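Spelled out from the first residue to the last, the chains are:
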Amino acid sequence: MSDDSLVAAIARAKLSFPAIKKSKVANVPMKSGGSYSYQYADLSDVIDAVTAPLAKEGVVVLQPIRWNDDGVVLETIVAGHG
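Let us look at the structure shown here. (Residues numbered from 1 in each chain as written. Predicted model: local features only at pLDDT ≥ 70, side-chain atom pairs only at ≥ 80, totals over all residues. Heavy atoms only, no water.)

**Concerning the side chain of Asp42**
Locating Asp42 in the fold gives a position in the loop between β2 (35–40) and α2 (43–56). Engagement of the side chain of Asp42 in a polar contact is seen with the side chain of Lys24, the distance being 3.4 Å. At 3.0 Å, the side chain of Asp42 forms a polar contact with the backbone nitrogen of Asp45. (Helix = DSSP H or I, 4+ residues; strand = E, 2+ residues; numbered from the N terminus. Polar contact = N/O pair within 3.5 Å; in protein donor to acceptor, adjacent residues only side chain to side chain.)

Dropping the structure here:
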């Protein structure tokens, strides 16, 4: 898949992305006392929401983890065929 067709496939998939649920809650203590909280979507929420629409367009996102002398490396690969 060329870069242009991959971009087009991702654009088509984005039209089908559902609203991403915010299933996590962060509680933040304040220096002045008290606290506040907010809801957020973590990475697994985002992946769950976009995997099927991307796959329908022949696009996959891979995130292999490898180790090197500096520590752990997470690489993100976006690939497609068609």
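**Topic: a nonpolar patch on the surface**
On the surface, Ile20, Leu43, Val46 and Ile47 cluster together into a nonpolar patch covering about 300 Å² of accessible area. Relative to the assigned elements, Val46 resides in helix α2. (Patch = residues over 30% accessible without salt bridge, like charges linked within 9 Å, V, L, I, M, F, W, Y side chains within 5 Å. Areas by Shrake-Rupley, 256 points an atom, 1.4 Å probe, with all protein chains shown as cover. Salt bridge = Lys/Arg side-chain N within 4 Å of Asp/Glu carboxyl O.)

**Remarks on the nonpolar core**
Judged by nonpolar contacts, Leu6, Ala9, Ala13, Ala49, Val50, Leu54 and Val59 together constitute the single largest core of seven residues. Elements that contribute at least two residues to this core include exactly α1 (3–14) and α2. Those residues in contact with Ala9 that sit more than four places away from it in its chain are Met1, Glu57 and Val59. (Core = buried A, V, L, I, M, F, W, Y, C linked by side-chain atoms within 4.5 Å. Buried < 20%, exposed > 50% of the residue type's maximum accessible area, 1.4 Å probe, protein only. Contact = heavy atoms within 4.5 Å.)

**Looking at the environment of His81**
On the secondary structure map, His81 appears in the segment after β6 (77–80). The class for His81 is exposed, based on a relative accessible area of 61%. Counting along the chain gives 76 residues from His81 to Ser5, while the straight-line C-alpha distance between them is 9.0 Å. When sequence neighbours within four positions are dropped, the list of residues in contact with His81 reads Met1 and Gly58.

**Examining the pattern of salt bridges**
As enumerated under the stated definition, the model contains two salt bridges in all. Note that Arg12 and Glu57 form a salt bridge whose closest N and O atoms lie 2.8 Å from each other. A residue pair is termed long-range when its members are at least 10 positions apart, and Arg12 in helix α1 and Glu57 in the loop between α2 and β3 (59–62) qualify at 45 residues. Residue Arg12 is classed as partly exposed on the basis of its relative accessible area of 41%. Since its relative accessible area comes to 22%, Glu57 is described here as partly exposed.

Nothing here speaks to function; it is geometry throughout.
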